[in-house]
Structures are given as structure tokens and as C-alpha cells.
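This is what each chain is made of:
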Amino acid sequence: MSVDIVEVESRADLKRWVRFPYDHYRGDPLFVPQLAGDELAYFDRHKNPAFEVCEVRLFLAERDGRLAGRICGLVNRLETEKLGHRRGRFGWFESVPDREVAHALLGAVREWHRTTGCTEMTGPQGFTDLDVEGLLVEGFDSVPTAAGSYNPPYYAGMMESFGLRKDVDYLDYRFRVPERNDILERLGRRAEASGEYSVRPVRGKKSFLASVGELWPVLEASFESLYGVVPLTARQQAFYTKRYFGFLDPEFFAFIQSRSGELVAFLAAMPNISRGLQQARGHLLPTGVFHLLRDLKRPETVDFLLAGALPGHPGNLLTALGLRHVFDALRHRGVAFVETNHELEHNTTVNQLWQRFEILATRRSRIYRLPLTA
């Protein structure tokens, strides 16, 4: 029988769209399920301010009356303004191992993008670069971070048979927290000895959240030229602050200030909650909250989320200063491992830095591109 594509239009449809991965990955020991309530809220256009700057379409695929896949198509208006042309994105793609289903989903998004004047389609990507992005193409033997890419190996073949081709790759690393690193120590001391920079003391939640509020301009300025980065509105910044930073541990952050007290760089890490999410199975109640609190309070691993420095400041020295501060905190708390966030494969400076440590696992994820003009 043929594949039927259904556009999500009702709350019931959205629940089916959100629910599909939980059934699709049932029994997979590496899959990290998100909290279902958070996912429903994230794709609610009345709750997520990304819908104020993005045109969004959600599609489901059905075969023989059974749900077989899902996909999101979107166009970010701020990305259009940045690029000077309309780039369509696809994301949150999932499919049973059936090429016809995958092609029907990708085709539905491609045709929608064409009708709205897009000149290219890229993905998997989200509303912004703070969302899950990239298709896992290497590293299928390790548990991803809560924000990391995960999918079956057969997805890549379905993408490529549709005509999608590699645009860029990201690398993730898992390594042991080092006892000491001579290069970091030397660079960090040099930054401090200049008298121009210091790690800002953060005491209490109020002080922490105030520094998080100052983080966004630094992030925007330092990330602006990177692949796939789009500006964030003030409402999006507030939304992400509440979603990601409201419950995190200030000890795992380094806010670096200039002599005048201006925030000029940061390094943000969070406890790895992958194990807790797996044990929660998509729900906080009745016991999920306890699994997550355990990981937040006594983490074995931390995830490096973000790091950046304002242009015009010595990024390598400030990164070393931030890492030295965070590594000291990790050793003090008994944290054994670090998971890095996506690093662009051509960012040789950062990739070479991570490879100085004891690498235990590497994952590679890929953004694909499809031209939509003849």
C-alpha cells in the first residue's frame, strides 16, 4: 500500500508526532528519550517563541494505517535576512526502515519549501543551533548526550538516496577529566597575569542568572559567523534561559570578565542527564524526577554546552582560563568524564584541543543539503 502523509493540525496529531520516537526506539539501550511534556510544550506555537520567527510544518507518515515516521519543515525569517535568500530546514526526522516512507516525508518538506520560494533545503536542523542538529553517521556504540544526535545507521542511506549530500559535519568527544593540563595551566595563568581578565565569582542563584542574562550578547557575537547560527530574539533568549539554565549548577560555569567588570567570555557545562532520562522513560512522574535529580546533584559526567568570547579579546587565553576553572570544579565534585558539544569538523583549533585529552569515544553527525533550484 502507498504511504500517506498527514500534516499535523490538531493537538491529537501533535501528541502522535511527539510520541513516535518513544515507540520507534523501544528497547534500544542507547536511545535517550526527552520528557514528553517538555516536547509537547516545545512544539506548541503558543509557548515557544521560535514560532514567532519561523514558518513551521509538521508531517506524519502512515503506512497500512500505522504510524511510520515524522518530520518537521521550517523556514527561519531571521536566517533568511542573514543569508539574503530563503533556506528551508528539515529536522526531527524519524522513519521506520522503509525508503518509501523516508522519501515521502522528505518529499513533503521539499515541496513545501519549493512553494514558499526556498532555494535550498538543509538538515537535520532545528529552529536554532541550540536545538538537536545533525544526523549521526559515526559513533553508534555510545549513549548520546541529552542534546546529542541519535538515529539508526540506515538513516544516512535513505537521506542520500533522496539526493541529499553532505554540507558539513560535527564532532563530539567523550574524554576523562584530566588531573592537570600543562598547556591550560600556562595559558590560564597568562590570562590572569595580564590583569585584564578574571573569572567572575558567582554566589547564589540570583547572581548566576544575572550572569546568564549577560551571556547572550557574548554568544551572539562569538557565534555569528558559524555555520547554521541564526540570531535569537529577546523572547527566545528568555525562553532558553528558563529551559536550560534555570536548574543548572553555577559551579560548572565560568563567567570571565574584563577589568571593568564586563562579561567578555564564558564556558557553560551541565550535568549529563542521559541515564536519568532513560530511566524516566519520558515522564517525570512517578519516579523520573528522582533519577534526574540524582544525575543533577551527583553527576559522573558533564556535558560542555557552550563557550564563547567577544571578538577583540584573546579567545584562546580566555578559553583556557574557563576550562581551568571548570576542570577544578569537576575534580572537586568527583566528576570523571566530559562530553563535548558539537564541534564543526573544520574548527581545527578546538578539535586539536580536545584531542589532547584521553578520548574514549567520538561521534560524527552530518548536516545534509539539497538545492531546490534548477
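Refer to the preceding data block for the structure.
Summary of the structure given here. No experiment lies behind these values; they were computed from the predicted model shown.

Rules used in this analysis
Residues numbered from 1 in each chain as written. Predicted model: local features only at pLDDT ≥ 70, side-chain atom pairs only at ≥ 80, totals over all residues. Heavy atoms only, no water. Helix = DSSP H or I, 4+ residues; strand = E, 2+ residues; numbered from the N terminus. Buried < 20%, exposed > 50% of the residue type's maximum accessible area, 1.4 Å probe, protein only. Areas by Shrake-Rupley, 256 points an atom, 1.4 Å probe, with all protein chains shown as cover. Lys, Arg positive; Asp, Glu negative; His and termini not counted. Charge placed at Lys NZ, Arg CZ, Asp CG, Glu CD. 1 Å grid on protein atoms, 1.4 Å probe; cavity = no way out; pocket = protein on both sides within 12 Å on 5 of 7 lines; lining within 4 Å. Points joined across faces, edges and corners; volume = space filled by probe spheres on them. Nonpolar A, V, L, I, M, F, W, Y, C, P; charged D, E, K, R; others polar. Arc of directions from axis to C-beta. Contact = heavy atoms within 4.5 Å. Salt bridge = Lys/Arg side-chain N within 4 Å of Asp/Glu carboxyl O. Core = buried A, V, L, I, M, F, W, Y, C linked by side-chain atoms within 4.5 Å.

Let's talk about the overall build of the protein
When helices and strands are tallied, the protein shows 12 helices and 14 strands. With respect to the three principal axes, the spread of C-alpha positions in the protein is 70 × 50 × 35 Å. Taking all 374 residues of the protein together, the buried fraction comes to 55%. Summed over its atoms, the accessible surface of the protein is roughly 16,700 Å², and 51% of this surface lies on carbon and sulfur atoms. If the 48 positive side-chain charges of the protein are averaged to one point and the 48 negative ones to another, these points end up 3 Å apart.

Some remarks on the layout of surface pockets
Of the pockets and cavities examined, the second largest pocket occupies roughly 320 Å³. Every residue lining the second largest pocket is listed: Arg19, Tyr22, Tyr25, Arg26, Gly27, Asp28, Pro29, Phe31, Pro33, Gln278 and Arg281. Partitioned by chemical class, the residues of the lining of the second largest pocket number 5 nonpolar, 2 polar and 4 charged.

A few points about helix H5 (residues 154–162)
Every buried residue belonging to H5 is among Tyr155, Ala156, Met158, Met159 and Phe162, and all of these are buried. Taken down its axis, H5 places every buried residue within 165° of arc, on the same side. Positive phi shows up at Gly163, right after H5, with a value of about 110°.

Description of the side chain of Gln125
Looking at where Gln125 falls in the secondary structure, it is placed in the loop between strand E5 (120–123) and strand E6 (135–138). Overall, Gln125 belongs to the buried group, its relative accessible area being 0%. Excluding anything up to four places from it in sequence, Gln125 contacts Arg89, Phe90, Gly91, Trp92, Val132, Glu133, Tyr227, Gly228 and Ile367.

Some details on the pattern of salt bridges
Counted by the stated rule, this structure contains 32 salt bridges. A salt bridge links Lys166 to Asp169; the shortest N-O distance between them is 3.6 Å. The class for Lys166 is partly exposed, based on a relative accessible area of 41%. A residue is classified by how much of its surface remains accessible, and Asp169, at 0% relative accessible area, is buried. Ionic pairing is found between Arg331 and Asp328, a salt bridge with its closest N-O pair at 2.6 Å.

A few points about the environment of Phe304
Along the chain, Phe304 turns up in strand E11 (residues 301–309). A C-alpha to C-alpha distance of 4.9 Å links Phe304 and Thr340, two positions 36 residues apart in sequence. In contact with Phe304, other than residues within four places in its own chain, are Leu267, Ala268, Ala269, Leu323, Val326, Phe327, Val338, Glu339, Thr340, Asn341 and Trp354.

A closer look at the nonpolar core
Judged by nonpolar contacts, the single largest core of 84 residues is most densely connected at Trp17, Phe127, Trp216, Phe304, Phe327 and Leu330. Per element, the largest residue contribution to this core is 9 residues, and it comes from helix H11 (residues 315–333). Ignoring sequence-local partners within four residues, the contact set of Phe327 consists of Phe175, Val177, Pro178, Leu184, Phe304, Val338 and Phe357. Listed in part, the 33 residues of the second largest apolar core include Val3, Val75, Met121 and Leu372.

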